[in-house]
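# Residue-level structural notes
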Amino acid sequence: AIRKVIQHYEAKGGVSAKTEVDKNMVLINHSKGFNLVDFKDKVGFTVAILTETHVHDVLITHAKLECLMFKESIETGDDEWEANIMGTLYKLTKLKPDKANTTAQIWANRNNEFHNALVAACNINGLLQVRSKYLQMKEWFATLANNHMEEVLIAASNHDHTKLADLAIARKGDEACNKLHIHMMAGADTLVQNLKANGYISKN
């Protein structure tokens, strides 16, 4: 599996693919508290085997954290919070859904900005720290699942995002959180399938 990760960073044109892999593995494995790799002094590391159960657990945990923080933001957010949501939504809706004219990387960046805006009014440090941990893991899974997809053209869809923004502004906390959870879990099965197809996940 590690060869595929290195090839991914080589394809992105990094100065040192191995350095990029090491940096990301160390960041996630040690700073974030996940056992993705086994390190041996002066030898290097081997990639720990992922399981479908573990991946789903991370995705579900992340989704529930987002919902907790979203509800807190709905309860405490001010006019600036609302404006930030609408501003990031506007940038997303500039990516038209009628044809595949947007790169996956551009869409991912703007999607992340929007989701960060939804929870930006939550100032509970414990939730912020745990969210960072699970967001890092989810993004790592996405990198492995979507190798070489950064420049692929896609048709952006923003129906869910518009609905989430409307519910947030209307302060409909329960409905908004239910919608967010469904939205965030919608791609879970596809992500797992891609991880299997790319050889990063084993059978339980």
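One can find the structure itself at the top, above this paragraph.
Residues numbered from 1 in each chain as written. Predicted model: local features only at pLDDT ≥ 70, side-chain atom pairs only at ≥ 80, totals over all residues. Heavy atoms only, no water.

### Description of the overall build of the protein
- Counting its secondary structure elements, the protein contains nine helices and six strands.
- Burial statistics for the protein: of 204 residues in total, 39% are counted as buried.
- When contacts within the protein are restricted to residue pairs at least 6 apart in sequence, those whose partners lie at least 24 apart make up 75%.
- Of the accessible surface of the protein, which amounts to about 11300 Å², a share of 52% is contributed by carbon and sulfur atoms. (Helix = DSSP H or I, 4+ residues; strand = E, 2+ residues; numbered from the N terminus. Buried < 20%, exposed > 50% of the residue type's maximum accessible area, 1.4 Å probe, protein only. Contact = heavy atoms within 4.5 Å. Areas by Shrake-Rupley, 256 points an atom, 1.4 Å probe, with all protein chains shown as cover.)

### Points about helix α8 (residues 173-185)
- Look at α8: 18 Å from first C-alpha to last across 13 residues, which is about the 18 Å you get at 1.5 Å a residue.
- Of the positions making up α8, those classed as buried are Gly173, Ala176, Cys177, Leu180, His183, Met184 and Met185. (Expected span 1.5 Å × (residues − 1).)

### Details of the packing of helix α3 (residues 52-76) against helix α9 (residues 188-197)
- Axis separation between α3 and α9 bottoms out at 11 Å; the angle between their running directions is 145 degrees. As α3 runs across α9, the sense of the crossing is right-handed. For the pair α3 and α9, contact is made by Glu52, Val55, His56 and Leu59 and by Ala188, Asp189, Leu191, Val192, Leu195 and Lys196, respectively.
- Among the residues forming the contact of α3 with α9, the class breakdown is six nonpolar, one polar and three charged. (Axes fitted to C-alpha atoms, helices over the stretch in contact; angles between N-to-C directions. Left-handed = near helix turned anticlockwise from the far one by under 90°. Nonpolar A, V, L, I, M, F, W, Y, C, P; charged D, E, K, R; others polar.)

### Points about the nonpolar core
- Core analysis: the largest hydrophobic core is formed by 42 residues, its most contacted members being Val55, Phe70, Ile85, Phe114, Leu118, Phe141 and Leu195.
- Breaking this core down by element, the ones donating at least two residues are α3, α4 (79-93), α5 (104-118), α6 (125-145), α7 (159-169), α8 and α9.
- Counting residues per element, this core draws most heavily on α3, at nine residues. (Core = buried A, V, L, I, M, F, W, Y, C linked by side-chain atoms within 4.5 Å.)

### Some words on the packing of α4 against α5
- Viewed as axis vectors pointing N to C, α4 and α5 meet at an angle of 165 degrees, and their least axial separation amounts to 9 Å. It follows that α4 is roughly antiparallel to α5 by the angle criterion. As for the relative orientation of α4 and α5, their crossing is left-handed in sense. Residues Trp81, Asn84, Ile85, Thr88, Leu89, Lys91 and Leu92 of α4 touch α5, and the partners they reach there are Trp107, Arg110, Asn111, Glu113, Phe114, Ala117 and Leu118.
- Across the contact of α4 with α5, the residue classes tally to eight nonpolar, three polar and three charged. (Parallel < 35°, antiparallel > 145°, perpendicular 65-115°, else oblique.)

### Brief notes about the pattern of salt bridges
- Inspection of the entire model under this criterion finds six salt bridges.
- A salt bridge links Glu66 to Arg131; its shortest N-O distance comes to 2.4 Å. You can see Glu66 sitting in helix α3 and its partner Arg131 sitting in helix α6, a full 65 residues away along the chain. Arg131 shares its class with Glu66; the two are buried.
- Between Lys71 and Asp174 there is a salt bridge; the shortest N-O distance is 2.7 Å. In this pair, Lys71 sits in helix α3 while Asp174 sits in helix α8, placing the two residues 103 residues apart along the sequence.
- Residue Lys71 is classed as partly exposed on the basis of its relative accessible area of 32%. (Salt bridge = Lys/Arg side-chain N within 4 Å of Asp/Glu carboxyl O.)

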